[in-house]
Each structure stands twice: as C-alpha cells, then as structure tokens.
Amino acid sequence: MNITAEQVRQLRERTGAGMMECKKALVESQGDLDAAAELMRKQGLAKADKKASRIAAEGVIAVEKSADGRTAALVEVNCETDFVAREQDFRAFAQDVARAALAVNPKNLDALLAAKLASGESVDERRRALVSKIGENISVRRCVVMSGTATLGAYLHGTRIGTLVAVEGGGPELAHDLAMHVAASNPRYLSAADVPADVVAKERAILTEQAQGDPKNQGKPEQVLAKIIDGKLGKSLSEITLLGQPFIRDDKQSVEKLLKAAGARVAGFERFEVGAGIEKKQDDFVAEVMAQVSAAGGRP
C-alpha cells in the first residue's frame, strides 16, 4: 500500500514517534490514521512495561507554585541516563507532572499517575508514550504538595535538587533564603526534638566509644566524661537539624536565631535530590567489552 509523506507527517505530530515507526504503523493499519495511532499507543505501552524493571536513577526535580504562592508541588521524575535528563521532552514532562500535582494534590503516586494533563492524557499515559519514544525507563518517583497559610519558599538548584519551606510569620525573602539553605545544607530534621530516639541513641553510643578511647580523657571522672559526650552529641544533632545549622548567608548565627529575630517559625520543609536512596547499577566495563567481542564472533 502506498503511504504518503503527508500521512506520515500527521501521525508523527500526533504521536511524536520516529518516521519509520509511523510508516510501519500506517502500513499495518492500511493507511487508517486513527488505527495507526492506537496501534502505536499499544506498542508503546508494551515497550514501557518491558523497561519498567530497569534502574532509573537520573532525572530532574520540578517545582510548581500556585499564583497566590500558598501552594506548591515538588516532584522527582527519573530516567536512566543524564543524557535523557537533559532532553527537552523529558523536562517538559516533568514540569507537566508538577503542574498536575499542584492541580489535584494527590494522596499517593497512583493518584498522581491517574491525573489528567492539559493534553487530556493521564500522567501515566504520557509517561509510557515517552518511554516508547525515548527508549529508556521513565518513572515518577515521588511527589509532595505543601499548602496552607504559611509563606512558601521554593528553590531549585539546577535540576537535581529542589526544596520547599513553609514559614509562618516570615516574608517571601526569608522563605526563599531558607529554601536555598535547605538545598545547600541538607538538614534531615527540623529540630533536635524531632530526631528519632534510635538515631540519638546510636550517635550517643558512637561518641561514648570515641570519648572512652581518647587518651586525653583517661582518668577523668564519669560526670565530666558525660558532659563531654553531651556536648559532642549536641553538636552532632545541630549539624543534621535545620534549626541548629549555621545559616548559609550568615554562618555566625544559627537558623533558629535567625527565625527568632524575624519573629517566624518553620512549619515544615521538604528536600528532593535526584536519585537519592536509589541503588545504582555498577557496570563492569571489562565484562561489557568482552560480551561485545563474544557477540561479534571473537572480532574486537
């Protein structure tokens, strides 16, 4: 059957797929544009499912704020390589996911994946289509929406780190500065009181062992040693808590003192970093080369 260049062009505009894939689908569907588009969609879903098990530890963080600045969404969308993470279609998809999250405030990832985009597709339908087009596993990993009467600060460090900070009693500039601080200093908790008891106990045990093994502490009374350990523990906790950390714009004062001076308090914060916590596959380069040589029949 003769497939015209105009038919191929129209199908490419609808699907975003390559010219040869479009032509093949049109041949299989006897030139029916709608049938070809549906065929490519089904093929794309199958390809997406096959790639779902592949590790996707690269990607981008995207932020979207409401017009009144009282609600903001933070999302992480992953792919397999940093090359795709720089690709415009992928980045546009990530931003669309953030807009969808802002619009529906999903309770979980399933709800976000089911949310509709401006194109009428669901987030998951668009994700699968993008997998088919790009050829890598793509996943929407996590999302958070912050909303309320607090002032929200949002900050993106490139495309790999994104933060949200809710500040009560402070203005937009303070909220933004704190969002930047969270991106740079990566606090794990808001205050020492928020650090789980098991984390505190583990840190105390480590510091106790170090103090007891330090020759400078030999012969010191137990109560003196206990005060040394308490001091070190307080310093360790301040390093992992937002309120205890030195403020990045003025390291002579802590974030806690900054907030007190401004008559403000942090109601909550979130920090996403691309790939954090994902175990990346360590490729064996030598084994990969040998496998390619073997596949080529022993020819280098």
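What you see is a predicted model, and the numbers here were worked out from it, not measured in a lab.

**Considerations on the overall build of the protein**
The secondary structure content of the protein amounts to 12 helices and eight strands. Relative to its full complement of 300 residues, the protein shows a buried share of 38%. Partitioning the intrachain contacts of the protein with sequence separation of at least 6 by distance along the chain shows that 62% fall at a separation of at least 24. Accessible area of the protein: about 17,000 Å², with a carbon and sulfur share of 51%.

**Quick notes on the pattern of salt bridges**
Applying the stated criterion across every chain yields a total of 14 salt bridges. Residue D124 pairs with R127 through a salt bridge whose shortest N-O separation is 2.8 Å. With D124 and R127 both in helix α7 (residues 123-134), this residue pair falls three residues apart, about one helical turn. Side by side, D124 and R127 carry an identical accessibility label, which is buried.

**Digging into the sheet that holds strand β2 (residues 71-79)**
Spatially, β1-β2-β3 is the arrangement adopted by the three strands of the open sheet, whose pairing is antiparallel. At either end of the open sheet lies a strand with only one pairing partner, and these are β1 (58-65) and β3 (139-147). The mean angle between the axes of side-by-side strands here comes to 10 degrees, regardless of whether they run parallel or antiparallel. The pairing of β1 with β2 spans eight bridges and is antiparallel. Bridge assignment links I61 to a residue of β2, and that residue is E76.

**What to know about the packing of helix α9 (residues 197-213) against helix α10 (residues 222-240)**
One can describe the packing of α9 onto α10 by two numbers: an axis separation of 9 Å at closest approach and a directional angle of 130 degrees. On the basis of the axis angle, α9 is oblique to α10. For α9 against α10, the interelement crossing comes out right-handed. Of the residues in α10, those touching α9 at V200, E203, R204, L207, T208, A211 and Q212 are L225, I229, D230, K232, L233, S236 and L237. Split into classes, the residues belonging to the contact of α9 with α10 amount to seven nonpolar, three polar and four charged.

How each quantity is defined
Residues numbered from 1 in each chain as written. Predicted model: local features only at pLDDT ≥ 70, side-chain atom pairs only at ≥ 80, totals over all residues. Heavy atoms only, no water. Helix = DSSP H or I, 4+ residues; strand = E, 2+ residues; numbered from the N terminus. Buried < 20%, exposed > 50% of the residue type's maximum accessible area, 1.4 Å probe, protein only. Contact = heavy atoms within 4.5 Å. Areas by Shrake-Rupley, 256 points an atom, 1.4 Å probe, with all protein chains shown as cover. Salt bridge = Lys/Arg side-chain N within 4 Å of Asp/Glu carboxyl O. Pairing = 2+ DSSP bridges. Axes fitted to C-alpha atoms, helices over the stretch in contact; angles between N-to-C directions. Parallel < 35°, antiparallel > 145°, perpendicular 65-115°, else oblique. Left-handed = near helix turned anticlockwise from the far one by under 90°. Nonpolar A, V, L, I, M, F, W, Y, C, P; charged D, E, K, R; others polar.

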